[in-house]
Amino acid sequence: MFDPWILKNIYMKLIAVIGSGTMGNGIAHTFAQAGYRVNLIDLNQERLNAALLTIEKNLDRQISKGLILADQKSDVLQNIQSFTQLNEGVSDAELVIEAATEDVAIKLKIFEDLDKFCKADTILASNTSSISITKIAGVTRRPDKIIGMHFMNPVPVMKLVEVIRGFSTSDETTKTIMNLSAQINKVPVEVHDYPGFVANRILMPMINEAIQCLHESVAGVHEIDTVMKLGMSHPMGPLQLADFIGLDVCLAILNVLYQGFGNPKYAPSPLLVNMVASGQLGVKSGSGFYDYTGGTKELVVSKRWG
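- For the protein chain, the name recorded in an unreviewed UniProt entry is 3-hydroxybutyryl-CoA dehydrogenase, with Daejeonella lutea as its organism.
- In the Sequence similarities (unreviewed entry) part of its UniProt record, the protein chain is described as follows: "Belongs to the 3-hydroxyacyl-CoA dehydrogenase family."

And the structure:
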């Protein structure tokens, strides 16, 4: 007997991605490179234009490294269309992936709208790194078709996709997304819907503890990161990784963990809270634990910690 989820994958041709930031344009790039048509949606046309330029630059980087052929670039770019109106971008999509700001209210409003604008059988996924899929599903009339697809940054490079089942996510939806993730050359891992899922439930307390070590003057920025890179074989130290993720994002995820479990071990370091309040967010603001005014190629510890 032919499984319906296999049939759905065969006929899934159009993917809509909401949000053209780092994660959104990376997801769009990945699907377009795998041969899918992609509608990239953002309220701001300038952000969409910047996203398309970023995708083009990343394709050039892949060509220079011999990962793709030069003539594939135009095919990938032609697979992507941009939209500023949500209803126009999602009306014909078989799958919509939301990659907007990690804010509960924003995500819930998007999913309320998607439920109205999308076809009845369209699967709605969120790239959230910590927000409950069950809570998101609760604002729709299709909780069985709501799922998490937590991609890692940078999306075109990183293999992992955390596939998060909400309380009501169906087996068919889960199988479809697991299979689809494999088709775009990712490694899907199925997890259940608890605060932080797996990746951030383990990662964020480590980052938070590294920040607390700096706060308590146990060691400096360079020393903390060196211990974890050389001692634990991590490719990037926890403070550099926090800068890369965005200190505001780290704080938001830790708050979700703290509120979700009520356990003080997830309470954000006061230093992290203060850095976010002062606008030191890492790479995106040009300064965090390291200084990025000269770019990201060479690590320079911020003068505050030097």
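### Section: the pattern of salt bridges
- Under the defined criterion, the tally for this structure stands at 13 salt bridges.
- In this structure, Lys73 engages Asp60 in a salt bridge whose closest nitrogen and oxygen atoms are separated by 2.8 Å. Pair noted here: Lys73 is in helix H4 (residues 72-78) and Asp60 is in helix H3 (residues 45-64), with a separation of 13 residues, a long-range link.
- The exposure class assigned to Lys73 is buried, which follows from its relative accessible area of 16%.
- When the shortest N-O distance is used, the salt bridge between Arg142 and Asp115 registers 2.7 Å. Of this pair, Arg142 sits in the loop between helix H7 (133-137) and strand E6 (146-151) while Asp115 sits in helix H6 (residues 104-117), and the two are 27 residues apart along the sequence.
- Given a relative accessible area of 5%, Asp115 falls into the buried group.
- Residues joined by salt bridges that share partners form a network here, namely Glu56, Asp60 and Lys73.

### Examining the domain arrangement of the protein chain
- Domain assignment breaks the protein chain into domain 1 (14-192) and domain 2 (200-301).
- A C-alpha centroid distance of 26 Å is found between domain 1 and domain 2.
- Taken together, the five residues of domain 1 in the interface contact four residues of domain 2.
- Roughly 460 Å² is buried in total at the junction of domain 1 and domain 2, and carbon and sulfur atoms are behind 59% of that figure.
- Looking only at domain 1, the three residues that lose the most surface to domain 2 are Ser129, Ser130 and Asn153, adding up to 64% of its buried area.
- Scanning the region where domain 1 abuts domain 2 turns up zero salt bridges.
- For the pair domain 1 and domain 2, the interface holds one residue pair in polar contact (both at pLDDT 80 or more).
- Here the side of domain 1 that touches domain 2 is built from residues that sort into one nonpolar, four polar and no charged.

### Some thoughts on a positive patch on the surface
- Positive charge collects at one region of the surface, where Lys57, Arg61, Lys65 and Lys297 lie side by side.
- Residue placement: Lys297 occurs in the segment after helix H13 (270-277).

### Looking at the pairing of strand E8 (residues 187-192)
- Summarising the sheet, strand E7 (residues 160-165) and E8 pair through six bridges and their orientation is parallel. The partner of Arg165 across the bridge, within E8, is His192.

### Some points on the layout of surface pockets
- In this structure, the second largest pocket spans a volume of roughly 280 Å³.
- Val104, Ser130, Ile131, Ser132 and Val256 are the residues nearest the centre of the second largest pocket, which is lined by 15 residues in total.
- No other element matches helix H12 (residues 247-261), which puts five residues into the lining of the second largest pocket.
- There are two domains that each give the lining of the second largest pocket at least three residues, and those are domain 1 (14-192) and domain 2 (200-301).

Rules behind the numbers
Think of each chain on its own: its residues are numbered from 1, step by step along the sequence as written. Where local features are concerned, this predicted model is filtered to residues with pLDDT of at least 70; where side-chain atom pairs are given and counted, the filter is 80 or more; whole-chain, interface and lining totals use all residues. Just so you know, side-chain values use all the structure's heavy atoms and leave hydrogens and water out. UniProt positions are given in the numbering used here, feature names are shortened, and annotations may be inferred rather than shown by experiment. Salt bridges are counted wherever a side-chain nitrogen of Lys or Arg sits within 4 Å of a carboxyl oxygen of Asp or Glu. In this description a helix means any DSSP run of H or I spanning at least four residues, a strand means any run of E spanning at least two, and both kinds are numbered starting from the N terminus. The buried label applies to any residue whose accessible area, calculated with a 1.4 Å probe on protein chains only, is under 20% of its type's maximum; exposed applies above 50%, and partly exposed to all values in between. Reported domain spans reflect what an automatic or database domain assignment gives. Note on contacts: a residue pair qualifies if any of its non-hydrogen atoms lie within 4.5 Å across the two residues. Using a 1.4 Å probe, buried area is obtained as the accessible area two parts lose upon being combined, added over both of them. A 3.5 Å cut-off defines polar contacts: any pair of N or O atoms within that distance qualifies, except that in protein one atom must be a possible hydrogen donor and the other a possible acceptor, and neighbouring residues in sequence count only when both atoms are side-chain atoms. Classification convention: Asp, Glu, Lys, Arg as charged; Ala, Val, Leu, Ile, Met, Phe, Trp, Tyr, Cys, Pro as nonpolar; all other residues, Gly among them, as polar. What goes into a patch is any residue over 30% in relative accessible area without a salt bridge, connected to like charges within 9 Å or, for nonpolar side chains (Val, Leu, Ile, Met, Phe, Trp, Tyr), within 5 Å. Under the convention used here, a 1.4 Å probe and the Shrake-Rupley method define accessible areas, while residue burial counts only the protein chains that appear. Only four residue types enter the charge count, namely Lys and Arg as positive and Asp and Glu as negative; His and the chain termini do not. Each charge is placed at NZ for Lys, CZ for Arg, CG for Asp and CD for Glu. At least two DSSP bridges between two strands are needed for those strands to be called paired. Put simply, the grid is 1 Å and covers the protein atoms alone, a cavity is a trapped set of points that fit a 1.4 Å probe, a pocket is an open set with protein on both sides within 12 Å along at least five of seven lines, and lining residues have an atom within 4 Å of a point. Grid points are joined across faces, edges and corners, and a volume is the space filled by probe spheres set on the points.

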